[in-house]
Amino acid sequence: MKEIKKTAEGEHFTAADFGKFSEVNDYVLDLGSVKIPGKVFGGQAVGATGSQFSFQYFNPGEETGFYHTHTTHEELYIFLGGHGEVQVDDRNIPVKEGSVVRVAPAGRRSVRNNGGEPLLMLCVQYRGDTFTDADATDGNILQEPVKW
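Residues numbered from 1 in each chain as written. Predicted model: local features only at pLDDT ≥ 70, side-chain atom pairs only at ≥ 80, totals over all residues. Heavy atoms only, no water.

Trainee: Please provide a residue-by-residue account of unusual backbone geometry, values included.
Mentor: We note that Asp89 has phi near 50 degrees; this positive angle belongs to a residue other than glycine. Topologically, Asp89 is positioned in the loop between strand S8 (83–88) and strand S9 (91–96). Phi is positive for Asp90, close to 70 degrees, though the residue is something other than glycine. Mapping Asp90 onto the fold places it in the loop between S8 and S9. Classification of Asp90 by relative accessible area gives exposed; the value is 58%. (Helix = DSSP H or I, 4+ residues; strand = E, 2+ residues; numbered from the N terminus. Buried < 20%, exposed > 50% of the residue type's maximum accessible area, 1.4 Å probe, protein only.)

Trainee: Explain the packing of aromatic side chains residue by residue, including any values.
Mentor: One pass over the full model with this rule turns up four aromatic pairs. Of the aromatic side chains, those joined through ring pairs into one cluster are Phe18, Phe21, Phe53 and Phe55. (Phe/Tyr/Trp six-rings, centres within 6.5 Å; stacked < 30°, edge-to-face > 60°.)

Trainee: Let's hear about the sheet that holds strand S7 (residues 73–81): which residues, and what values?
Mentor: Overall, antiparallel pairing links the five strands, which are arranged S5-S6-S12-S7-S10 in an open sheet. Strand pairing shows two members of the sheet lacking a second neighbour, strand S5 (39–41) and strand S10 (100–103), which therefore form its edges. The sheet shows a mean angle of 15 degrees between the axes of neighbouring strands, taken without regard to direction. Bridging between S7 and strand S12 (residues 119–127) involves eight bridges; their strand directions are antiparallel. Its bridge partner being in S12, Phe79 is matched across the sheet by Met121. (Pairing = 2+ DSSP bridges. Axes fitted to C-alpha atoms, helices over the stretch in contact; angles between N-to-C directions.)

And the structure:
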């Protein structure tokens, strides 16, 4: 089974290598009684404290196989390759490389690959209804040169 490699760490950062996106299918998410091939969570690997993310690889014809919701977490599905569909509350939404779908916590959701090539998805999960106008201007541009 494929493993995440931590590549660098410091007081304010952690970096990791998940390998080639074309090899995400080599991961298996082990949830005890359920094993999901082609899925890997990454938040813990990089020390994320405000969100979780996962990569998931669907071969042609594969799907999540179940609907799910969340109690408090919103999700962004970002498609990095292939073609498929996201079903939210019984509505099918076509997706392809470059598509992004946001689903509120209560939205019933599932994903499938209905194309002829692998479908690769990045899912970002975070607590819903927390972003404020102040968050939009949270960045600080520092008056110091970047030293490459």
